[in-house]
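Residue-level listing of the chains:
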Protein chains: 2
Amino acid sequence: MKDLKARILAAVENDLEEIEKELAANLDPHLDLVRDVAGHLIFAGGKRLRPLLMILAARACGCNRQCAYRFSTIFEYLHAATLLHDDLVDGGAMRRGRPAAHTVWDPPTAVLTGDFLLARSLSIAASAGRPELIEVIANITENMSQGEIQQLHRKGALDMTEQEYYTVIKRKTAVLFQGACRAGAMIAGAGQDRQQALADYGYHLGMAFQMADDLLDYTQTGEALGKVPGADLREGKLTLPVIHALAKARDDDYKLMCRIISGSGFSREEFETLVHLLNAYGGIAYTGARASEHIGLAKQALNGLEATKALEVMHDIADYALARKI
Amino acid sequence: MKDLKARILAAVENDLEEIEKELAANLDPHLDLVRDVAGHLIFAGGKRLRPLLMILAARACGCNRQCAYRFSTIFEYLHAATLLHDDLVDGGAMRRGRPAAHTVWDPPTAVLTGDFLLARSLSIAASAGRPELIEVIANITENMSQGEIQQLHRKGALDMTEQEYYTVIKRKTAVLFQGACRAGAMIAGAGQDRQQALADYGYHLGMAFQMADDLLDYTQTGEALGKVPGADLREGKLTLPVIHALAKARDDDYKLMCRIISGSGFSREEFETLVHLLNAYGGIAYTGARASEHIGLAKQALNGLEATKALEVMHDIADYALARKI
């Protein structure tokens, strides 16, 4: 596991440096305040997974042009824009180990800086002069806003279905991964087949990534996550481990779980009881299995592509998405 | 004045109907909730001035294609997106005679629906397959978000300069008018000269429109406006009438004005005193004169264009922007 991470990081070290440079170079606001607020989030670190995926997808299609780094920032700015709005929507207090922007400044500033970052990614996309790239971005933003709205308005709903969950995580996470990979193929001038292959990889990776992320809330200690355990549930987000366990639970356990989930907060003991039930009814295992299926499909999508170093890294990233502990 | 409005409305009656149809047809969300929230604002009326300007600009350049109506919705959706976010930022309670969306639903829903509308306008723009149109939209959104941030962070600042005011209203209003007119010319396939002429018309019209709007807060009764008088000032927005009067005021009057503006709210009497001083120090007249100059420049920008019915209407709209009482 540690080896896998180390191998990925060694392979993309130069890419991450170039992405970092471009993130600073293309932010370009007219106002210092905007630079401060956007920079607070963007330069607090972050895995840069989305721009990296675009770069790798482009390289897997034979494109090594330096300008690809510039276009890759689109996907980090887009991501940052949604983080700014989502933290506000969810009332999230911390992000990337720093206080969230809406608490450091104020909610209006976070809203408007998010709008600016969205606009910035659009400007960069427009400068590519490729309408199909804009369609990808437009599709991502439409889906993300609706995924978040759906999640918000099903907050705490105990009748959330597995299908609904898939729709939400597709919209809020997988479509961006998918779009970043498709954009990489586009910029490389790849044809429809290769574009679709890379888009499929991104989609399945994104689905698995979100499921793995949702699992962490129940499998990792609060110390490891750097926040209190059960944060999703405290925000009223019912994810697959819970949805599956609720569907399978005996009547008395169902009622117990509902009581814990619906109450105004829960104790550490109650949370441990819940995690025990999630395990007992297979919610954890089931989610892991679904994530694993998506990783399988992500790798399968790459089958037809020429074996390259970039492809190897994409395989490693798929494995890592599933195995990561944080 | 009434005749002018009636003449404009008669000339664009069919256009407004077509725009209305397209606004309903292109909203197209996946979620009923999004349709409800977006529709609450969009179908509460509104002048449809921005899409109308795009249509007229296209027609002034010889384009009568039906598809122009579809593209014109871009500018109303963009406008609606910013209204949703701005009402939230300003804490505005009413919009178009209805309670603002963030009060009917909640702030998160207003943020995310605004994001959706921005994404929707982008999708429609992308479907035109013209990268230069996307650049216009990106430029509008970047400017608008920064104009709003600048306004927000200079809230209540008594040292706001005339130049700063112009920068803010350019970004938050004029750039959208300018973009709508330029887009109309683009869709008509007009060359750079005509594109620039129409963009200039839109820019100057937008500057005058915002100044006239800012004047209304001090020249109209609360009854006529449908809200309490002095709303801008209550929100901490120092507009040109105040900025000019503060710059010209004698020391004692300057202090009196500052006291009224800086206090936590002001009485009807205090507001009347302020309006008296705005008049006495020429703040009202000066703002009217600047708006009038912009209207002159807007009309002048159209000079080189062929005389058409559309051009006549654009002249009428320029006159109306200055003369409107509400």
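Summarised in this report is the structure supplied together with it. (Residues numbered from 1 in each chain as written. Chains lettered and ligands numbered in written order. Predicted model: local features only at pLDDT ≥ 70, side-chain atom pairs only at ≥ 80, totals over all residues.)

### Some points on the overall build of chain A
Then, number 1: Along its length, chain A carries 16 helices and 2 strands.
Then, number 2: Its C-alpha radius of gyration of 20 Å places chain A within 12% of the 20 Å reference for a compact globule of 326 residues.
Then, number 3: Burial statistics for chain A: of 326 residues in total, 51% are counted as buried.
Then, number 4: Taking the intrachain contacts of chain A between residues at least 6 apart in sequence as the baseline, contacts between residues at least 24 apart amount to 76%. (Helix = DSSP H or I, 4+ residues; strand = E, 2+ residues; numbered from the N terminus. Rg over C-alpha atoms; globule rule 2.2 N^0.38 Å. Buried ≥ 20, exposed ≤ 12 C-beta atoms within 10 Å, placed from the backbone. Contact = placed C-beta atoms within 7 Å.)

### Re the interface of chain B and chain A
Then, number 1: Between chain B and chain A, the residue contacts involve 37 residues of the former and 37 residues of the latter.
Then, number 2: Looking at the side of chain B that touches chain A, the elements that each hand over two or more residues are helix 2 (32–42), helix 4 (67–90), helix 6 (107–127) and helix 7 (131–153) of chain B.
Then, number 3: For the side of chain B that touches chain A, the element with the most residues is helix 7 of chain B, which contributes 14 residues.
Then, number 4: Residues of the side of chain B that touches chain A, tallied by class, amount to 20 nonpolar, 11 polar and 6 charged. (Nonpolar A, V, L, I, M, F, W, Y, C, P; charged D, E, K, R; others polar.)

### Quick notes on the relation of the copies chain B and chain A
Then, number 1: For the pair chain B and chain A, the best superposition has an RMSD of 0.0 Å and corresponds to a rotation of 180 degrees with a translation of 0.0 Å parallel to the axis. What the rotation and shift describe, once combined, is the action of a two-fold rotation axis. Residue B:Pro131, judged by its C-alpha, is the member of chain B lying nearest the rotation axis, at 2.8 Å. (Least-squares fit on C-alpha atoms with pLDDT ≥ 70 in both.)

### Things to note about helix 8 (residues 162–187) of chain B
Residue and element names in this part refer to chain B.
Then, number 1: Across its 26 residues, helix 8 extends 35 Å between first and last C-alpha, which sits within 8% of the 38 Å expected from 1.5 Å per residue.
Then, number 2: In helix 8, a bend of some 50 degrees at Lys170 exceeds every other bend along the element.
Then, number 3: Where burial is concerned, most of helix 8 is hidden: 20 out of the 26 residues are buried.
Then, number 4: In the segment just after helix 8, Gly189 is the residue with positive phi, at about 75 degrees. (Expected span 1.5 Å × (residues − 1). Bend = angle between axes of the 7 residues up to and from the residue.)

### Observations concerning the packing of helix 3 (residues 49–60) of chain A against helix 8 (residues 162–187) of chain A
Residue and element names in this part refer to chain A.
Then, number 1: Packing of helix 3 against helix 8 brings their axes to within 7 Å, and their N-to-C directions diverge by 35 degrees. The handedness of the crossing between helix 3 and helix 8 comes out as right-handed. Counting all contacts with helix 3, which are made through Arg50, Leu53, Met54, Ile55, Leu56, Ala57 and Ala58, the residues of helix 8 involved are Leu176, Phe177, Ala180, Cys181, Ala183, Gly184, Ala185 and Ile187.
Then, number 2: Considering only residue class, the contact of helix 3 with helix 8 consists of 13 nonpolar, 1 polar and 1 charged. (Axes fitted to C-alpha atoms, helices over the stretch in contact; angles between N-to-C directions. Left-handed = near helix turned anticlockwise from the far one by under 90°.)

### Overview of the environment of B:Thr82
Then, number 1: Counting through the fold element by element, B:Thr82 comes out in helix 4.
Then, number 2: Note: C-alpha distance between B:Thr82 and B:Thr141 (59 residues apart in sequence) is 9.0 Å.

### Considerations on the environment of A:Gly156
All names here are of chain A.
Then, number 1: Summarising the element assignment, Gly156 is placed in the loop between helix 7 (131–153) and helix 8.
Then, number 2: Residue classification places Gly156 among the exposed positions, given that 12 C-beta atoms sit within 10 Å.
Then, number 3: C-alpha of Gly156 to C-alpha of Glu235: the two residues are 79 residues apart in sequence and 7.9 Å apart in space.
Then, number 4: Aside from chain neighbours lying at most four places away, what touches Gly156 is Gly236 and Ser262.

### Structural notes on helix 4 of chain B
Residues and elements named next belong to chain B.
Then, number 1: The terminal C-alpha atoms of helix 4, which comprises 24 residues, lie 36 Å apart, in line with the 34 Å expected from a rise of 1.5 Å per residue.
Then, number 2: Within helix 4, 23 of the 24 residues are buried, which leaves it mostly tucked inside the rest of the structure.
Then, number 3: Looking at the residues trailing helix 4, positive phi occurs at Gly91, about 70 degrees.

### Some details on unusual backbone geometry
Residues and elements named next belong to chain A.
Then, number 1: Of note in this structure, Asp28 is not a glycine but carries a positive phi near 45 degrees.
Then, number 2: Note that Asp28 resides in the loop between helix 1 (2–25) and helix 2 (32–42).
Then, number 3: We classify Asp28 as exposed; it has 12 C-beta atoms within 10 Å.
Then, number 4: Of note in this structure, Arg48 is not a glycine but carries a positive phi near 60 degrees.
Then, number 5: Summarising the element assignment, Arg48 is placed in the loop between helix 2 and helix 3.
Then, number 6: Classification of Arg48 as buried rests on a count of 21 C-beta atoms within 10 Å.

### Considerations on the environment of B:Ile134
Then, number 1: Examined against the element boundaries, B:Ile134 turns out to sit in helix 7.
Then, number 2: Note: C-alpha distance between B:Ile134 and B:Ala183 (49 residues apart in sequence) is 9.5 Å.
Then, number 3: Excluding residues that lie within four positions of it along the chain, B:Ile134 makes contacts with A:Ala126, A:Ile134, B:Ala125 and B:Ala126.

Read these as layout, nothing more, since geometry by itself doesn't imply function.
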